[in-house]
Amino acid sequence: GQNIDQPTEMTATEGAIVQINCTYQTSGFNGLFWYQQHAGEAPTFLSYNVLDGLEEKGRFSSFLSRSKGYSYLLLKELQMKDSASYLCAVRPTSGTYKYIFGTGTRLKVLA
Amino acid sequence: GAVVSQHPSWVICKSGTSVKIECRSLDFQATTMFWYRQFPKQSLMLMATSNEGSKATYEQGVEKDKFLINHASLTLSTLTVTSAHPEDSSFYICSASNRVNQPQHFGDGTRLSIL
């Protein structure tokens, strides 16, 4: 079966650093995506990993270990506007656009 | 700017009504689009894959006669919720990608409320 796990909720303080983990067990692997979704809105793309290692994009970084079936999203210098759900998605099959989404992590940033 | 447009944003209608939702790719051709449903505080659940010029592929447990998908052109897919009932009330989102190694782009979603 296909399984992608994330913590349900996390809380952090403004200005801090938070790491959101994602573990996956899928029939194949051809890329992992992180999306941010504010309440009532559609998801917006944050990052993409297909090879092992760290991808950095400003305050956001994403890490992948394919051998461990593990990824994390690192958010630095947290801002109140970062309060949102963060979705981890895996594309299990090459040549297709289909994703499997994780359960999502609701992040609450406190002042 | 938005690369995927979804319309309408909100629908409120009576039970038994059929509702059509449109998803358009704005500046690229999309042979494949995806339709998701999301209940409050839950993640995205893939309903079906919309394939241009052929039948949609439905996920297990999704009734194809209930959720009709038409992908008649390379830039437009429609989802019709037939004879909608209150339990169909949800947030419906479409997505598309212009290349396999590029991320999916999502429409703004349609909030459907059936009274």
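Above: the structure in question.
Residues numbered from 1 in each chain as written. Chains lettered and ligands numbered in written order. Predicted model: local features only at pLDDT ≥ 70, side-chain atom pairs only at ≥ 80, totals over all residues. Heavy atoms only, no water.

Caption draft 1: Representation of the interface of chain B and chain A in the model. Listed by partner, the interface residues are 23 residues for chain B and 21 residues for chain A. Of the roughly 1700 Å² buried at the junction of chain B and chain A (both faces included), carbon and sulfur atoms supply 60%. At the boundary of chain B and chain A, one finds one salt bridge. A salt bridge links B:Glu59 to A:Lys98, with the shortest nitrogen-to-oxygen separation between them at 2.9 Å. Between the two partners, chain B and chain A, sit six residue pairs in polar contact (both at pLDDT 80 or more). Only strand 4 (32–38) and strand 9 (90–96) of chain B provide two or more residues apiece to the side of chain B that touches chain A. With four residues, the single largest contributor to the side of chain B that touches chain A is strand 4 of chain B. Looking at the side of chain B that touches chain A residue by residue, the class counts come to nine nonpolar, nine polar and five charged. (Contact = heavy atoms within 4.5 Å. Buried area = accessible area lost by both parts, 1.4 Å probe. Salt bridge = Lys/Arg side-chain N within 4 Å of Asp/Glu carboxyl O. Polar contact = N/O pair within 3.5 Å; in protein donor to acceptor, adjacent residues only side chain to side chain. Helix = DSSP H or I, 4+ residues; strand = E, 2+ residues; numbered from the N terminus. Nonpolar A, V, L, I, M, F, W, Y, C, P; charged D, E, K, R; others polar.)

Caption draft 2: Main features of the sheet that holds strand 1 (residues 4–7) of chain B. Residues and elements named next belong to chain B. Taken in spatial order, the four strands line up as 1-3-8-7 in an open sheet, and their pairing is antiparallel. The sheet is open, and its two borders are formed by strand 1 and strand 7 (67–73), each paired with just one other strand. Shown here is a sheet whose adjacent strand axes are inclined to one another by a mean of 15°, direction ignored. (Pairing = 2+ DSSP bridges. Axes fitted to C-alpha atoms, helices over the stretch in contact; angles between N-to-C directions.)

Caption draft 3: Layout of the packing of aromatic side chains. Overall, the coordinates contain 16 aromatic pairs over all chains when judged by the stated rule. Plain terms: the ring middles of A:Tyr35 and B:Phe106 are 5.2 Å apart, the flat faces sit at 90° to each other, and that makes the pair edge-to-face. In this pair, A:Tyr35 sits in strand 4 (residues 32–37) while B:Phe106 sits in strand 10 (residues 105–106), so the two residues belong to two different chains. The pair formed by A:Tyr35 and B:Phe106 is uniform in burial state, with each residue classed as buried. Three or more aromatic residues joined by ring pairs form one cluster here, namely A:Phe33, A:Tyr35, A:Phe45, A:Tyr48, A:Tyr99, A:Phe101, B:Tyr36 and B:Phe106. A cation over an aromatic ring shows up here: B:Arg111 above the ring of B:Trp10, its NZ or CZ 5.8 Å from the ring centre. Positioned over the ring face of B:Phe91 is B:Arg111, at 4.5 Å from the centre of the ring. (Phe/Tyr/Trp six-rings, centres within 6.5 Å; stacked < 30°, edge-to-face > 60°. Buried < 20%, exposed > 50% of the residue type's maximum accessible area, 1.4 Å probe, protein only. Lys NZ or Arg CZ within 6 Å of the ring centre and 35° of its normal.)

Caption draft 4: Seen up close, the sheet that holds strand 3 (residues 18–25) of chain A. Residues and elements named next belong to chain A. As summarised here, the arrangement of the five strands in space is 1-3-8-7-6, forming an open sheet in which the pairing is antiparallel. Either end of the sheet is taken by a strand with one partner, and the two such strands are strand 1 (3–5) and strand 6 (53–57). Between one strand axis and the next, the sheet turns through 15° on average, direction left out of account. Relative to strand 8 (residues 70–75), strand 3 is paired through six bridges, and the arrangement is antiparallel. In the strand pairing of strand 8, Thr 23 is matched with Tyr 70.

Caption draft 5: How the structure looks around the nonpolar core. Residues B:Val4, B:Trp35, B:Phe67, B:Leu79, B:Tyr92 and B:Leu112 are the most contacted members of the largest nonpolar core, which totals 25 residues. Of all the elements in the fold, those that place two or more residues in this core are strand 2 (10–13), strand 3 (19–25), strand 4, strand 5 (45–51), strand 7, strand 8 (76–81), strand 9 and strand 11 (110–114) of chain B. Dropping the residues within four chain positions of it, B:Phe67 is found in contact with B:Arg37, B:Met47, B:Tyr58, B:Val62, B:Leu79, B:Thr80, B:Val81, B:Asp88 and B:Tyr92. Counting 21 residues, the second largest nonpolar core, distinct from the first, contains A:Ile4, A:Trp34, A:Leu46 and A:Leu73. (Core = buried A, V, L, I, M, F, W, Y, C linked by side-chain atoms within 4.5 Å.)

Caption draft 6: Summary view of the state of the cysteines. Residues and elements named next belong to chain A. Taken as a whole and assessed by the stated rule, the structure comprises two disulfides over all chains. With a sulfur-sulfur separation of 2.0 Å, Cys 22 is cross-linked through a disulfide to Cys 88. A torsion of -65° about the S-S bond marks the disulfide between Cys 22 and Cys 88 as left-handed. Taken together, the residues Cys 22 in strand 3 and Cys 88 in strand 9 (residues 84–90) connect sequence positions 66 residues apart. (Disulfide = S-S within 2.5 Å.)

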